[in-house]
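# Summary of structural features
Listed here are the chains, written in short residue letters.
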Amino acid sequence: MNKGPLYSYTALFDTADDIIHAAEEASKKGYKKFDCHTPFPVHGLDRAMRNPNSKLGYWALFFGAVGAVSAISLITWISAVDYPLVIGGKPFWSWPAFVPVTFEVTVLLASVLSTVAMITFYFKFPNTAHPLHDTPYMKSVSANKFGISIQADDPKFDERTVKELLKSLHGREIAPVFYDPVESFHGLKLWDLKFIGVLAVTALTVSALTYGTLNYALYMEPFNWMMNQPKLKAQKPSELFSDGIGMRQPVQGTVARGFLPYAFKGKPDEAAKYLINPLMPSKELIERGKGRYLTFCSPCHGNFARGDSRLNGQFPNPPTLHSDKVRNWPDGSIYHVITEGQNVMPSYAAQIARDDRWAIVHYIRVLERAHNAKESDLQ
Amino acid sequence: MTMLGWALFAAGLVLTFAAYLVDHRHAAFNNVIGLLLLISVAVGALFLIALEYLTGAVWSVPMRRIVEFIGGLVVLVPLLAIPLFFSLHQVFEWTHVNSVTQDRLLMAKAPYLNEYFFFARFVVFAALWIVFYRLFTRNSLRQDTVQEATFTRRNVRLGALFMPIFAITITFTAVDWIMSIEPHWFSTILGVYYFSGTLLAALGVATYFIITLHENGSLPNLRRDHFYSLGALMFVFTNFWAYIAFSQFMLTWYANLPEETFWFIKRWQNGWEYVSVLLIIVRFAVPYAVLLSQDAKMDPRRLKIMAIWMLVAHVLDLYWLTMPTFSSNVTISWIEISTPMLVAGVIILMVSYKMKRHNLIPVGDPKLKRGWDFHL
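Being a predicted model, the structure only gives us computed values, none of them experimental.

A separate point is unusual backbone geometry. Residue and element names in this part refer to chain A. With an omega of -10°, the peptide bond running from Glu221 to Pro222 counts as cis. With respect to the element layout, Pro222 can be found in the loop between helix H7 (193-215) and helix H8 (268-274). One non-glycine residue, Gln235, lies in the positive phi region at around 65°. Judged by the 7 C-beta atoms lying within 10 Å of it, Gln235 falls in the exposed class. Positive phi, close to 65°, is recorded for Ala305, a residue that is not glycine. Relative to the assigned elements, Ala305 resides in the loop between helix H9 (283-301) and helix H10 (324-328).

In structure tokens form, the structure reads like this:
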């Protein structure tokens, strides 16, 4: 087999102490480009080899910072700028809620990207060839020997001197290692045709599969069975009924329970004249009215119907219910406004049951009385 | 160093006495801070000893005796609590019978928060700590002369027994002395919070003494490799403290329940907000930045500074935890340093005292040589 240029000279040792000693001697002699290989981590080897501190930590710090900034920016954009939602009553930009995600993204980017940086810049990915692969040296070192490999591109390298040094250290099996001419070691080469080719093919295949699945496969039998069920769903057509409509009308001449139409729809004056509060005021009824009032009415009209809610100041203002106009209204008018709405106020018929509306009317009367109390009330 | 110890002790004693005469309630609150500081240092030291035995650690063996000396402080914990047990009414709302009977929550907590049970708990915890201290050190000291591995094995088993007891006693110490100061509040993570501070305080004291003794030649053969672990532990538990502190805050904030949030709101008003921000900077931001790099963790000078910093940060933390109940407005007076100074003096005096009577190195420990040879 052809041999490429010389890569390094290697030697094997039997104990961890020997490799530490060898590393110390090699670095004392001034060699910088050499490496030690051990079957298990040997404490103190870094120090003996006089390895400078790795710069990878700075990569991790940088990527962590990128992660933190990206996460906070993204969350701020999402939560406070693009689609603000009130979550749990908290402000749109709530940093305590953002911290866990930001922290995790920081750690994620720092760890993953510094690993990627390590294999790209330090291990020269995607060039995975290395002259030491599959050598007898590497096999020994993976099993039960400790090895040193002094590289030929070290400025102080000289074949004879290195061999003498290794012999003086009582290294065994002192042997040269050559580059393999087929798998050559060119340094950083991200733009390798094969590598790019594989990346491109993978990207295209995955995209095509995804597209095919989501746009075609999902609509083919049997994957469409969940989507196209033979049962009748609301607002879908039907072949079963003669008019082709799936939904049926209620039986003629009937009214569903609780669905009696409001008799005074669109007729506030008649509601005022003819609607009378059917419920007698009692403590429980007023408590119920109070509860319903606080739930449905207080956000706009204020907790005590003074019109002093959060909405105060905008136009049109939710009015106070202690005005002369409302105080002089019959109960039916208030009931009518709750049922139909008025101006900007929507109808609350769907939210508040009819009896509850009367309870609210009682409570409003109580509030009005409280606001315009007579001296005699205090006794 | 003993001179410094006597000076701090005397000054602290005078200040504490004066504080009790001038402002009984303030002095009592400060006494709580001092007591919690002393417990942190002493019981945290026991934790470190147990941890070394349990994990079979090698790097810390040459330094373990110093940590044992610090553990000796447990016998002084009851002494520092004596003035407090005459001042319970000044500190704890739940000792006021009138407040309790009119308060549904305090009535419900009364089976736990009453003076008898409170006292009994403290006595039992202190007794447990002292017993474990004596057992650990007896084995360790005996091993100096009778050089047998059985003492190590015994201490390993003792360590295994100690750990859950440590967890429980430290948690309930925090509950009794920190959480019950504000008896309407509760936090299930406060025990862990106090534990993180405890560990940092104990590490701080240990690191300071170890490096000082190394520098004056009493603890030879220690290298940057040994110091690295001390620095790494300080760094790690700084992060741990921040994690726990933030968790406590975030969960309270998110749930937004008035029964819990009032505690944090108090610490964000009337000047306390500055202390809160200061706490984050002092307890997390600065130590994180200073101890981040690997070289920084191995630098003895930097570690000594950070060790003292950790202690000061712990006092600040205890101050932030307890004092807002004393006064809604931030109060800083000479009383704040009275008991901490006393405790600092006591720590120095105890370690000096022990140093004169025992070996500084556990000469009989079977792992000692490996400890000397330890390399990163």
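Residue and element names in this part refer to chain A. Here helix H6 (residues 159-168) has its buried residues at Val162, Leu165 and Leu166. What you see down the axis of H6 is that its buried residues fit within an arc of 95°, all on one side. With respect to the buried face of H6, the exposed residues turned more than 90 degrees away are Arg160, Glu164, Lys167 and Ser168. Contact partners of the buried residues in H6: strand S1 (6-13), helix H1 (16-28), strand S3 (146-151) and strand S4 (172-178). A positive phi of about 60° marks His170, the residue just after H6.

All right, on to the packing of helix H2 (residues 24-55) of chain B against helix H3 (residues 64-71) of chain B then. Residue and element names in this part refer to chain B. Closest axis-to-axis distance for the H2/H3 pair is 7 Å, and the angle between their directions is 145°. Note that H2 runs across H3; the crossing there is left-handed. Residues Val41, Ala42, Ala45, Leu46, Leu48, Ile49 and Glu52 of H2 lie in contact with H3, whose contacting residues are Arg64, Val67, Glu68, Ile70 and Gly71. Its residues assigned to classes, the contact of H2 with H3 shows 8 nonpolar, 1 polar and 3 charged.

With that settled, the discussion passes to the sheet that holds strand S2 (residues 34-37) of chain A. Within a sheet, neighbouring strands are paired by backbone hydrogen bonds and run either parallel or antiparallel to one another. Residue and element names in this part refer to chain A. Reading across the sheet, the 4 strands line up as S2-S3-S1-S4 and stay open at both edges, with antiparallel pairing between neighbours. Strands with a single pairing partner mark the edges of an open sheet, and in this sheet they are S2 and S4. Here the strands of the sheet are splayed against their neighbours by 20° on average, with no regard to which way each runs. Pairing between S1 and S3: 6 bridges, direction antiparallel. Bridge pairing links Phe13 to Phe146 in S3. With respect to the sheet, H1 is in contact with S1, S2 and S3, its orientation differing from that of S3 by roughly 15°. Lying on the sheet, helix H5 (residues 136-143) is in contact with S1, S2, S3 and S4; it crosses S3 at an angle near 145°.

Here we take up the interface of chain B and chain A. Interface size is commonly expressed as the accessible surface area that is lost when the partners come together. Listed as interface residues are 8 residues of chain B and, on the opposing side, 8 residues of chain A. Residue contributions to the side of chain B that touches chain A peak at 5 residues, all from helix H11 (residues 224-255) of chain B. In terms of residue class, the side of chain B that touches chain A is made up of 6 nonpolar, 2 polar and no charged.

As a further point, take the domain arrangement of chain A. Its domain assignment divides chain A into domain 1 (1-190) and domain 2 (268-378). The distance between the C-alpha centroids of domain 1 of chain A and domain 2 of chain A comes to 75 Å.

This part takes up the nonpolar core. By size, the foremost hydrophobic cluster in this structure holds 103 residues, and its most contacted members are B:Val41, B:Leu46, B:Ile70, B:Ala202 and B:Ala206. Looking at this core element by element, the count peaks at 20 residues for H2(B). Formed by 25 residues, the second largest nonpolar core is a distinct cluster that contains A:Ala23, A:Ala26, A:Met49 and A:Leu169.

Parameters at a glance
- Residues numbered from 1 in each chain as written.
- Chains lettered and ligands numbered in written order.
- Predicted model: local features only at pLDDT ≥ 70, side-chain atom pairs only at ≥ 80, totals over all residues.
- Helix = DSSP H or I, 4+ residues; strand = E, 2+ residues; numbered from the N terminus.
- Buried ≥ 20, exposed ≤ 12 C-beta atoms within 10 Å, placed from the backbone.
- Arc of directions from axis to C-beta.
- Contact = placed C-beta atoms within 7 Å.
- Axes fitted to C-alpha atoms, helices over the stretch in contact; angles between N-to-C directions.
- Left-handed = near helix turned anticlockwise from the far one by under 90°.
- Nonpolar A, V, L, I, M, F, W, Y, C, P; charged D, E, K, R; others polar.
- Pairing = 2+ DSSP bridges.
- Domains from an automatic or database assignment.
- Core = buried A, V, L, I, M, F, W, Y, C linked by C-beta atoms within 7 Å.

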